[in-house]
Amino acid sequence: MTNIYQFEAELLDGKNKAFTDYEGKVLLIVNTASKCGFTPQFAGLEKLYEKYKPQGLEVLGFPCNQFGGQDPGSNDQIGAFCQKNYGVTFPMFAKVDVKGPEAHAIFRYLTNNSKGILGSGIKWNFTKFLIGKDGTVLNRFAPTTKPEALEEEIEKALQK
């Protein structure tokens, strides 16, 4: 696979979303969790989405329960939590695995095309991947990196 546009994933509502729908946009893909110390980052991700969506940014959230069982709810519960507590309007996808043999193909692509501090595997919730307009991975950010710290790189990607 040469870029992210060759994939599709299931949204929280059960509909499949082809990533070709995002061609020409900058993507910020994040594995999320509702009961994590980093969960307040939903607010920062929503602010980025609101600020840069008109310029072509899409934030895509992928709930995952692989790290400390921090997203045990159903897809409906996850969606309601994100909307009620953080006003999330960016697309949220159905819960996925992001590591191991059952990892979603998107996350296999992302980890194979970027390296973290401790190797390519995802180590915790709220790992973030910035994807350029051409569908390739531009950068990867640790869970501790706050969304607002990504603005400069997002702006650069939007200008390319």
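Each remark here, short or long, concerns the structure printed above.
Asker: How do you make sense of the sheet that holds strand β6 (residues 137-141) when you look at a structure like this?
Answerer: To summarise the sheet geometry, strands pair through backbone hydrogen bonds and adopt either a parallel or an antiparallel arrangement. Taken together, the 4 strands give an open sheet; going across it, the order is β4-β3-β5-β6, and neighbouring strands pair in mixed fashion. Edge strands, defined here as strands with exactly one partner in the open sheet, are β4 (57-63) and β6. When the angles between neighbouring strand axes are averaged without regard to direction, this sheet yields 15°. Two strands pair when backbone bridges link them, and strand β3 (residues 26-32) and β4 are joined in this way by 7 bridges, in the parallel orientation. Opposite I29, over in β4, you have L60 as the bridge partner. On the sheet, helix α1 (residues 41-52) packs against β3, β4 and β5 (128-131) and is oriented at approximately 155° with respect to β4. Against the sheet, helix α3 (residues 105-112) contacts β3, β4, β5 and β6, and its axis sits at roughly 80° relative to β5.

Asker: Could you clarify how one ought to interpret unusual backbone geometry in this entry?
Answerer: Glycine aside, a negative phi is what most residues show, and trans is what most peptide bonds show. The phi dihedral of F126 falls on the positive side, at around 70°, and the residue is not glycine. The residue F126 is located in the loop between α3 and β5 in this model.

Asker: Sorry if this is basic, but what is going on with the packing of aromatic side chains here?
Answerer: Within a pair of aromatic rings, the relevant descriptors are the distance that separates the centres and the angle that separates the planes. Under the defined criterion, the tally for this structure stands at 12 aromatic pairs. Note on F7 and Y109: the rings are 5.5 Å apart at their centroids and 50° apart in plane angle, and the pair reads as tilted. Separated by 102 residues along the polypeptide, F7 in the segment before β1 (8-10) and Y109 in helix α3 bring together distant segments of the chain. Accessibility assignment for this pair places F7 and Y109 in one class, buried. Geometrically, the ring pair formed by F62 and F107 is edge-to-face, given 5.2 Å between the ring centres and 85° between the ring planes. With F62 in strand β4 and F107 in helix α3, this pair connects stretches of sequence that are 45 residues apart. Side by side, F62 and F107 carry an identical accessibility label, which is buried.

How each quantity is defined
Residue numbers run consecutively from 1 along every chain, following the written order of its sequence. With the structure being a predicted model, the display of local features is reserved for residues of pLDDT at least 70 and the display and counting of side-chain atom pairs for 80 or more, all residues being used for whole-chain, interface and lining totals. Side-chain metrics in this entry use all non-hydrogen atoms of the structure; hydrogen atoms and water are not considered. Two strands qualify as a pair provided that DSSP identifies no fewer than 2 bridges between them. Secondary structure counts use DSSP, requiring at least four H or I residues in a row for a helix and at least two E residues in a row for a strand, with both numbered from the N terminus. Axis lines are fitted to C-alpha atoms, over the contacting stretch for helices. Their N-to-C directions set the angle, which ranges from 0 to 180 degrees. Two residues qualify as a contact provided that any one of their heavy atoms is within 4.5 Å of a heavy atom in the partner residue. Only centres within 6.5 Å qualify two rings of Phe, Tyr or Trp (six-membered ring in Trp) as a pair; their planes then separate them into stacked at under 30 degrees, edge-to-face at over 60, and tilted for everything else. For every residue, the accessible area obtained with a 1.4 Å probe (protein chains only) is divided by the maximum for its type, and the residue is called buried under 20%, exposed over 50%, and partly exposed between those limits.

Function-wise, these values are silent; they only describe arrangement.
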